[in-house]
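Remarks on the overall topology
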Amino acid sequence: VQLQASGGGLVQAGDSLTLSCTPSGRTIGNAAAGWFRQAPGKDREFVSAIDFRSVTAYRDSVQGRFTISKDNGKTTVYLQMNSLKPEDTAIYYCTLDRLSYRHINSGWSGGDYWGQGTLVTVSS
């Protein structure tokens, strides 16, 4: 299973971007999926996740600005990012659980599959 992430780019503070992640070889189905990010010189950190109930979780710093969702066909997971800040600059990685029906929360450490990352750069 490979995860293809896209949608990153260079934007100004206050702008919006939407990231997409589509797995090949399977659908998202009822597995948990989400996004992590890694800024230069920092550890990878949780951003957001969504589970089979469509329950969502966010890190505090993006709550109210980012929205995670998945399409009805459960083939793609999205991360809508609004009011972007320079501190959101990072490589964003999507991740997907191998098994179904796992609950998620903000302490989720990610799934079994990881994408290659898409770079988001926010200028001030």
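Just above sits the structure.
What comes next is a walk through the structure. Note that the structure is a prediction, hence the values are computed from the model and not measured. (Residues numbered from 1 in each chain as written. Predicted model: local features only at pLDDT ≥ 70, side-chain atom pairs only at ≥ 80, totals over all residues. Heavy atoms only, no water.)

This brings us to the pairing of strand β5 (residues 45–50). Most of β5 is tucked away: five of the six residues are buried. Across five bridges, strand β4 (residues 31–38) lies against β5 in antiparallel orientation. Among the inter-strand pairings, Ala33 is bridged to a residue of β5, identified as Ile50. Between the antiparallel neighbours β4 and β5 lie six residues, among them Gly41 with a positive phi of about 75°. (Buried < 20%, exposed > 50% of the residue type's maximum accessible area, 1.4 Å probe, protein only. Helix = DSSP H or I, 4+ residues; strand = E, 2+ residues; numbered from the N terminus. Pairing = 2+ DSSP bridges.)

The pairing of strands in a sheet happens through backbone hydrogen bonds and is either parallel or antiparallel. The strand order across the open sheet built from four strands is β1-β3-β8-β7, with neighbouring strands paired in antiparallel fashion. Each edge of the open sheet carries a strand with a single partner, namely β1 (2–6) and β7 (66–70). Neighbouring strand axes in the sheet, compared pairwise and without regard to direction, differ in orientation by 15° on average. Of the pairings in the sheet, the one linking β1 to strand β3 (residues 17–24) comprises five bridges and is antiparallel in character. Directly across from Ser6, in β3, lies its bridge partner Ser20. (Axes fitted to C-alpha atoms, helices over the stretch in contact; angles between N-to-C directions.)

Right, let's talk about the nonpolar core for a bit. If you look at the biggest cluster of nonpolar residues, it comprises 28 residues, and the most contacted ones within it are Trp35, Phe66, Val77, Leu79, Met81 and Tyr92. At the level of secondary structure, the elements contributing two or more residues to this core comprise β1, β3, β4, β5, β7, β8 (77–81), β9 (90–100) and β11 (118–123). Looking at this core, the element that brings in the most residues is β9, giving four residues. Apart from residues lying up to four places away in sequence, Met81 is in contact with Asp15, Ser16, Leu17, Leu19, Arg65, Phe66, Tyr92 and Val120. Of all hydrophobic cores here, the second largest spans seven residues; its members include Phe46, Ala49, Ala57 and Trp108. (Core = buried A, V, L, I, M, F, W, Y, C linked by side-chain atoms within 4.5 Å. Contact = heavy atoms within 4.5 Å.)

On to the state of the cysteines. Here the structure, examined in full by the defined rule, presents one disulfide. Between the sulfur atoms of Cys21 and its disulfide partner Cys94 the distance amounts to 2.1 Å. Between Cys21 and Cys94, the S-S torsion sits near 60°, and that sign places the bridge as right-handed. Taken together, the positions of Cys21 in strand β3 and Cys94 in strand β9 put the pair 73 residues apart, joining distant regions of the chain. Judged by its relative accessible area of 3%, Cys21 falls in the buried class. The class of Cys94 is buried, set by a relative accessible area of 0%. (Disulfide = S-S within 2.5 Å.)

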